[in-house]
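The lines below spell out each chain.
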Amino acid sequence: MLDETYRADLGDREPVTGLSHDPATGLSHDPVTGHPRPPRREFKARGSFTERCPGCNLPVLNCLCPYRASAESKARVWLITHPLEHLKPTNTGRLIRDVLPDTEVFTWYRTAPDERLLALLDDPHFAPFVIFPDDQPDYADRVVGMDAVEVAKHQGKVPVFILLDGTWRQARRIFRKSPYLDRLPVLPLATTRLTRYRLRKPASQSHLCTAEVAAELLRQSGDGEAAHLLDDYFDAFNVSYAASRRYEKIEQPTPAMRRLLAYRGE
Ligand SMILES: [Zn+2]
């Protein structure tokens, strides 16, 4: 069954056309003769695509659960997620929490900041950085580099990457309309990496999705193992979801999937 979120997610993929389908019997009817016909293969495939695994929320056709693996990291990730983003099965922010169990996820409401987030921002144990581009002059005095993350570690603090999880427009709104972020240092992600995300069309290949941003930050700040694991897990998610959209079952695990299975087997 398709709900509205799902329909939006499918984009241009409309159900099989040319047949009238009776949901009560599961039978299609020939549009010319009116005689019942067995359901077309695509129809069955589409049904299996819409069935989702309760563990990973991906279509059961290519479930992600066998590849789920967790790592430890010196830096942490807190997500401030736009409420509309939570509903999207293509959201990659949740992959970060699967790999790094200490990841915090907050829902952003403009008029009601999360009390727990405010308390954590005041905790001197943490050194939070807002990850955001440095393309506007009015906050140039708050922009820092990766060296500031090293300094925080030397001071015995836990560096925290605060990711604004939503579309670029939503992220900009969160950045601009959250006064509690105004005093935090802004860390732009400097990378030449291009996105591998296949599930949404990016405005530019240099626009990384949330999980890719986190993996790159972890890599640059010295959490190499967590970065590799998140990268592989993202890759498995990406490939699995894209294959399910084509109604294809992945028969042979990809190299990233094989690495995750080996890691889990250790
Ligand atoms: Zn699953």
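Everything numeric in this text was worked out from a predicted model, so none of it was measured.

Across its full length, the protein holds ten helices and eight strands. When each of the 266 residues of the protein is scored for burial, the buried share is 31%. By sequence separation, contacts in the protein at least 24 residues apart represent 68% of the contacts at least 6 residues apart.

Turning our eyes to something else, we now look at the sheet that holds strand 7 (residues 158–165). Spatially, the five strands line up as an open sheet ordered 5-4-7-6-8, and their pairing is parallel. Across the chains shown, the open sheet's two edge strands, defined by having one partner strand only, are strand 5 (104–107) and strand 8 (186–187). The sheet contact formed by strand 6 (residues 126–131) and strand 8 spans two bridges and is parallel. Opposite I131, over in strand 8, you have L187 as the bridge partner.

Counting 52 residues, the largest nonpolar core has I131, F161, A214, L230 and Y233 as the members making the most contacts within it. In terms of residue count, the dominant contributor to this core is helix 9 (residues 224–245) (nine residues). Apart from residues lying up to four places away in sequence, I131 is in contact with F161, I162, L163, L187, L189, V213 and L217.

Another aspect to go through is helix 9. A rise of 1.5 Å per residue sets the reference length of helix 9, with its 22 residues, at 32 Å; its end C-alpha atoms lie 31 Å apart and thus fit the reference within 8%. Downstream of helix 9 by one or two residues, Y247 has phi in the positive range, about 65°.

Moving on, we get to the pairing of strand 6. Sheet topology note: the strand 6/strand 7 ladder contains five bridges and is parallel. Residue pairing across strands places A127 opposite P159, the latter belonging to strand 7. In this fold, strand 6 hands off to helix 6 (residues 146–154), which returns the chain to strand 7; that crossover is right-handed.

Turning our eyes to something else, we now look at helix 8 (residues 210–220). Among the eleven residues in helix 8, eight count as buried, and that is most of the element. Inspection of helix 8 places T210, A211, E212, V213, A214, A215, L217 and L218 among the buried residues, and these make up the whole buried set. Looking at the buried residues of helix 8, the elements they touch are strand 4 (76–81), helix 4 (93–99), strand 6, strand 7 and helix 9. One or two residues past the end of helix 8 sits G222, with phi positive at roughly 100°.

Our focus in this paragraph is the environment of H125. For H125, the position within the fold is in the loop between helix 5 (115–121) and strand 6. Distance from H125 to P159, taken between C-alpha atoms, is 9.0 Å for residues 34 residues apart in sequence. Beyond its immediate sequence surroundings of up to four residues, H125 is in contact with K157 and V158.

Regions with low pLDDT should not have their predicted coordinates read in detail. Looking at the protein, pLDDT values average 84 and 81% of them are 70 or higher. Contacts of residues 1–27 to residues separated by more than four positions or lying in other chains number 29 contacts, the stretch itself having pLDDT below 50. Low pLDDT, under 50, characterises residues 38–49; the stretch is placed with 19 contacts to residues that sit more than four places away or in other chains.

In this model, N57 sits at a positive phi of 65°, which is unusual for a non-glycine residue. In this fold, N57 is placed in the loop between helix 2 (41–50) and strand 4. A residue is classified by how many C-beta atoms lie within 10 Å of it, and N57, with 12 of them, is exposed. Positive phi values are uncommon outside glycine, yet Y247 reaches one of about 65°. Looking at the element boundaries, Y247 is found in the loop between helix 9 and helix 10 (255–265). Accessibility expressed as a C-beta count within 10 Å gives 16 for Y247, which makes it partly exposed.

Turning to the packing of helix 9 against helix 10, a few remarks are in order. Remark: helix 9 packs on helix 10, axes separated minimally by 8 Å, with the N-to-C direction vectors making an angle of 125°. What the angle tells us is that helix 9 and helix 10 run oblique. As helix 9 packs across helix 10, the resulting crossing turns out to be left-handed. Across from L229, D232, Y233, D235 and A236 in helix 9, the residues of helix 10 making contact are A256, M257, R259, L260 and Y263.

Reading the values: the criteria
- Residues numbered from 1 in each chain as written.
- Predicted model: local features only at pLDDT ≥ 70, side-chain atom pairs only at ≥ 80, totals over all residues.
- Helix = DSSP H or I, 4+ residues; strand = E, 2+ residues; numbered from the N terminus.
- Buried ≥ 20, exposed ≤ 12 C-beta atoms within 10 Å, placed from the backbone.
- Contact = placed C-beta atoms within 7 Å.
- Pairing = 2+ DSSP bridges.
- Core = buried A, V, L, I, M, F, W, Y, C linked by C-beta atoms within 7 Å.
- Expected span 1.5 Å × (residues − 1).
- Right-handed = clockwise from strand over helix to strand, strands pointing away.
- pLDDT = per-residue confidence, 0-100.
- Axes fitted to C-alpha atoms, helices over the stretch in contact; angles between N-to-C directions.
- Parallel < 35°, antiparallel > 145°, perpendicular 65-115°, else oblique.
- Left-handed = near helix turned anticlockwise from the far one by under 90°.

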